[in-house]
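Topology and contacts: notes
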Amino acid sequence: MSRLTVEHVSKQYPTRAEPLSVLRDVNLTLHSGQNLAIVGPSGSGKSTLLAVIGTLEPPSSGRVSLDDQDPALLDEPSLAAFRNRHIGFVFQDHYLLPQCSVLENVLVPTVAAGRTTAEALQRARMLLERVGLAHRLDHRPAELSGGERQRAAIARALINKPTLLLADEPTGNLDRASADVVARLLLELQREQQMMLIVVTHSQRLADMMERRMQLENGVLQPL
Ligand code: ADP
Ligand code: MG
C-alpha cells in the first residue's frame, strides 16, 4: 500500500523585490487506488504544486513523502532514480521526442533506468495496445492526432509502473471527444494498476470525473 503525504508545504520563488509566495501551508494525503482533482484558476499554483509533489522542485518549507521516503534527503542522481521509478508525469504538452517512434518514446524512461529489456519492450507494447495505439507503434509524434499523442504520453508515464501518476492539464489541448477518451483512460488505468492519481485542471468536466476534488486558490489548498 503506497501513501503520499504533503505536510505544511510552502513554496516561494525569489524575485528582485519580495519573494513570491506560490504555495501556502499545503496539506494532503493520498493512498493507493485513490484519485484526486485539484482545480483552480490560472496562476493559482497548480503546476508548482505538482512539481513539488513530483520532486521536480523542492518545497521552501514543509515535507513531501512517498511511502515514508523523503525525497528531499536524496542527492541528485538518487533523486532522479527515485522519480523515474515511482512517479509518472503527463503534461499538457506531450513532450514526446519528435525524432523517435511512438514505441521508442514509451521506452525512453526504461533506458534511463538501465538497458531496455525484453520485459520492458513487452510492457510498452501492452500499454500502447491498452491506450489504443497498437497500430501506431512506428509513427512519429508529428504523425499523430493530439489525442493520440496524449495517449502515447500516458503509456510512457506508466512504463516503469509508477505508484504515483501526476497529470497537469492532460486534456488542455484536446477537443471534447478526445479529452473524454484521455480522461477515461487515465482513470481506468489508475484503477487497474491501483496507482495514486492527481490531476490538476481548470476543466470542471474533468474534475467531476474524479473521486475527490480540492481547490487551490492563491496557493491555499482546500477541500471542495
Ligand atoms: P498554475 O499552474 O495554477 O497556472 P503556476 O504554478 O504555473 O500556476 O504559477 C503560479 C505562480 O507562480 C504564477 O504567478 C507564476 O508566475 C509563478 N511562478 C511559477 N514558476 C515560477 C518560477 N520558476 N519563478 C518565479 N515565479 C514562478
Ligand atoms: Mg499550470
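See above for the structure.
To keep things clear, this report deals only with the structure shown in the data block. (Residues numbered from 1 in each chain as written. Chains lettered and ligands numbered in written order. Predicted model: local features only at pLDDT ≥ 70, side-chain atom pairs only at ≥ 80, totals over all residues. Heavy atoms only, no water.)

**Observations regarding the side chain of S101**
Mapped onto the elements of the fold, S101 is located in the loop between β5 (87–90) and α3 (102–112). Apart from the residues lying within four places of it in its own chain, the contact partners of S101 are L137, D138, H139 and R140. (Helix = DSSP H or I, 4+ residues; strand = E, 2+ residues; numbered from the N terminus. Contact = heavy atoms within 4.5 Å.)

**Examining unusual backbone geometry**
Outside of glycine, negative phi angles account for most residues, and trans bonds account for most peptide bonds. Even without being a glycine, T55 presents a positive backbone phi close to 65°. For Y95, which is not glycine, the phi torsion reads 55° and is therefore positive. Note on placement: Y95 falls in the loop between β5 and α3. Since its relative accessible area comes to 53%, Y95 is described here as exposed. (Buried < 20%, exposed > 50% of the residue type's maximum accessible area, 1.4 Å probe, protein only.)

**Notes on the nonpolar core**
By size, the foremost hydrophobic cluster in this structure holds 38 residues, and its most contacted members are L128, V131, I154, L158, L165, L197 and M210. At the level of elements, β3 (35–39), α3, α4 (118–130), α5 (146–158), β6 (164–168), α6 (176–192), β7 (196–201) and α7 (204–208) are the ones that each hand at least two residues to this core. Ranked by the residues each element gives to this core, the list is headed by α6, at seven residues. Residues contacting L158, with those up to four places away along its chain left out, are R123, L127, L165, L189, Q193 and M195. (Core = buried A, V, L, I, M, F, W, Y, C linked by side-chain atoms within 4.5 Å.)

**Considering the environment of I87**
Examined against the element boundaries, I87 turns out to sit in strand β5. Between the C-alpha atom of I87 and that of L66, which follows or precedes it by 21 residues, the distance is 9.7 Å. Aside from chain neighbours lying at most four places away, what touches I87 is I53, G54, T55, L66, F82, P162, L164 and L166.

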